Every structure is written in C-alpha cells, then in structure tokens.
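Results of the structural survey
Below, each chain spelled out in residue letters.
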Amino acid sequence: VQLQACGGGLVQARGSLRLSCAASGRAAALGWFRQAPGKEREFVGAITMRGGSTVYANSVKGRFTISRDNAKITVYLQMNSLKPEDTAVYYCAAHLLRLGVNSYDYNYWGQGTQVTVSS
C-alpha cells in the first residue's frame, strides 16, 4: 500500500488546515501521526475504512476531525483551532488489521507533510 499525504502548509494560530491521504490499496484503518523537531512521533487519530469508527489523541480531540472517502481510498484530517504546538511533520499510515494508536502496529507509511502554526 502506498500512501500520499498532502495539504500541509503555514497557518496562523486559531486557523484551519485540511490534510488528505490517498492510499493505493485497501487497509482496515488509516491513521495520522505527527513528529515535531526533537520529539518522538505521536499518534493523532485514526479511522476504520469500513465502519468509519474514529479515535483521537486527547491533545487534538474536539479540534481535529478525521473522515474518509472509501471510493477514493482517501482519508482527511480537518484541523481547526490550530495551536503553535501542533507544528510538526504529519504522516499518514495504514493498518492492515484494525484501528490502532501505536505507530509500531502500522504496516505502511506515507511521506510526511509539514504543518507550521505561527503564533
């Protein structure tokens, strides 16, 4: 499964961005992770492709929303009320079996897209 993420950019605090991730094949779930400079990669959220169940990190809950388009095998990460601490490289990943929150469970990774939130 190949993953192509896009939509990153520079935005002011309290602004919004929408990331998208297109997959070349089927997966049970697609997730988003992020990695800020000097920090470990952290889970952001994920969605099951069949039922649309979602899970979010506490740090983004209520601000970020994940949705999917099964016909396009694409997931979206709508990010609202962005904060400077959301600045990171955002990665999408595919889980072949289920919804997961641990990066080591994910089987395929896309290239990252940079999100920068200015204060």
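Coordinates for the structure precede this section.
Residues numbered from 1 in each chain as written. Predicted model: local features only at pLDDT ≥ 70, side-chain atom pairs only at ≥ 80, totals over all residues. Heavy atoms only, no water.

Focus on the sheet that holds strand β7 (residues 64-69)
- Strand order across the open sheet formed by four strands is β1-β3-β8-β7, with antiparallel pairing between neighbours. The open sheet has two free edges, formed respectively by β1 (3-6) and β7, since each of these has just one partner strand. Strand-to-strand twist in this sheet, taken as the mean axis angle between neighbours without regard to direction, amounts to 15°.
- Pairing between β1 and strand β3 (residues 17-23): four bridges, direction antiparallel. Following the sheet pairing, Cys-6 is matched in β3 by Ser-20. (Pairing = 2+ DSSP bridges. Helix = DSSP H or I, 4+ residues; strand = E, 2+ residues; numbered from the N terminus. Axes fitted to C-alpha atoms, helices over the stretch in contact; angles between N-to-C directions.)

As for the side chain of Arg-63
- Mapped onto the elements, Arg-63 comes out in the loop between β6 (54-56) and β7.
- A distance of 2.9 Å separates a polar atom in the side chain of Arg-63 from the backbone oxygen of Ser-81.
- In this structure the side chain of Arg-63 is engaged in a polar contact, spanning 2.7 Å, whose partner is the side chain of Asp-86.
- Setting aside anything within four residues of it in sequence, one finds Arg-63 in contact with Gln-78, Met-79, Asn-80, Ser-81, Leu-82, Lys-83 and Asp-86. (Polar contact = N/O pair within 3.5 Å; in protein donor to acceptor, adjacent residues only side chain to side chain. Contact = heavy atoms within 4.5 Å.)

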